[in-house]
Amino acid sequence: MVLILYMMEISPPCRAVLMTIKHLGIQAELREENLIIGNSKRHPEFLKINPRSCVPTIDDDGFYLWESRAIMTYLVNKYAPSNAIYPKDPKKRAVVDMMLNFDQGTLYRSQVEYLVICLFMRIILDSNRNFRNWD
């Protein structure tokens, strides 16, 4: 059976899993789950696979896994255990793990802080614009 990757092309975690799949030469079927428009709500089979309804998610012959870092390390461990992309040496692997997790506490936090302000300001501007149009 071919590995199935449920993803959204614009999602950075999905892109990271896709890059890992391509780097390792794994055959995969890509299935777009556009969570922005609520696609997964129309696909109850996806919710059976992943009750959290998040992407990326993989189906590896009935083994379901989500969370990009868990997926990437699983793929390397299963399909390319001797690949240097995820070294066996504990110190070298720890450096890779550190970089895999860098975005969780540092990068994403700063992005969210910035984007929340931008989105909040846009909502205010849009609501003011719509309010003026009510006259």
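See above for the structure.
All values reported here derive from a predicted model rather than from experimental measurement.

Student: Please clarify how a nonpolar patch on the surface should be interpreted in this entry.
Tutor: Nonpolar side chains collect at one region of the surface, where V95, M98, M99, F102 and L107 lie side by side and expose about 490 Å² of accessible area between them. By the secondary structure assignment, M98 is in helix α4 (residues 90-133). On the basis of relative accessible area, M98 is assigned to the exposed category, the value being 52%.

Student: Help me understand helix α1 (residues 12-24), please; the structure alone is not making it clear to me.
Tutor: Think of an α-helix as turning once every 3.6 residues; residues three or four places apart then point the same way. Compared with an ideal rise of 1.5 Å per residue, which puts 13 residues at 18 Å, α1 spans 18 Å between its outermost C-alpha atoms and is within 8% of the ideal. Residues C14, A16, V17, L18, T20, I21 and L24 constitute the buried set of α1. In the core, the buried residues of α1 are packed alongside β1 (3-7), β2 (28-32) and α3 (68-79). One or two residues past the end of α1 sits G25, with phi positive at roughly 75°.

Student: What should I look at first to understand the side chain of T57 in this one?
Tutor: Relative to the helices and strands, T57 is located in strand β3 (residues 57-60). Since its relative accessible area comes to 0%, T57 is described here as buried. At a separation of 2.7 Å, a polar atom in the side chain of T57 contacts the main-chain carbonyl oxygen of C54. Not counting the four nearest positions on each side in its chain, T57 is found in contact with I4, L5, Y6, F46, I49, N50, L65, W66 and I71.

Student: Is there a simple way to think about the pairing of strand β4 (residues 63-66) in this case?
Tutor: Within a regular strand, the side chains alternate between the two sheet faces. Relative to β4, β3 is paired through four bridges, and the arrangement is antiparallel. Paired with D60 across the bridge in β4 is F63.

Definitions and cut-offs
Residues numbered from 1 in each chain as written. Predicted model: local features only at pLDDT ≥ 70, side-chain atom pairs only at ≥ 80, totals over all residues. Heavy atoms only, no water. Patch = residues over 30% accessible without salt bridge, like charges linked within 9 Å, V, L, I, M, F, W, Y side chains within 5 Å. Areas by Shrake-Rupley, 256 points an atom, 1.4 Å probe, with all protein chains shown as cover. Salt bridge = Lys/Arg side-chain N within 4 Å of Asp/Glu carboxyl O. Helix = DSSP H or I, 4+ residues; strand = E, 2+ residues; numbered from the N terminus. Buried < 20%, exposed > 50% of the residue type's maximum accessible area, 1.4 Å probe, protein only. Expected span 1.5 Å × (residues − 1). Contact = heavy atoms within 4.5 Å. Polar contact = N/O pair within 3.5 Å; in protein donor to acceptor, adjacent residues only side chain to side chain. Pairing = 2+ DSSP bridges.

In short, geometric facts, not functional conclusions.
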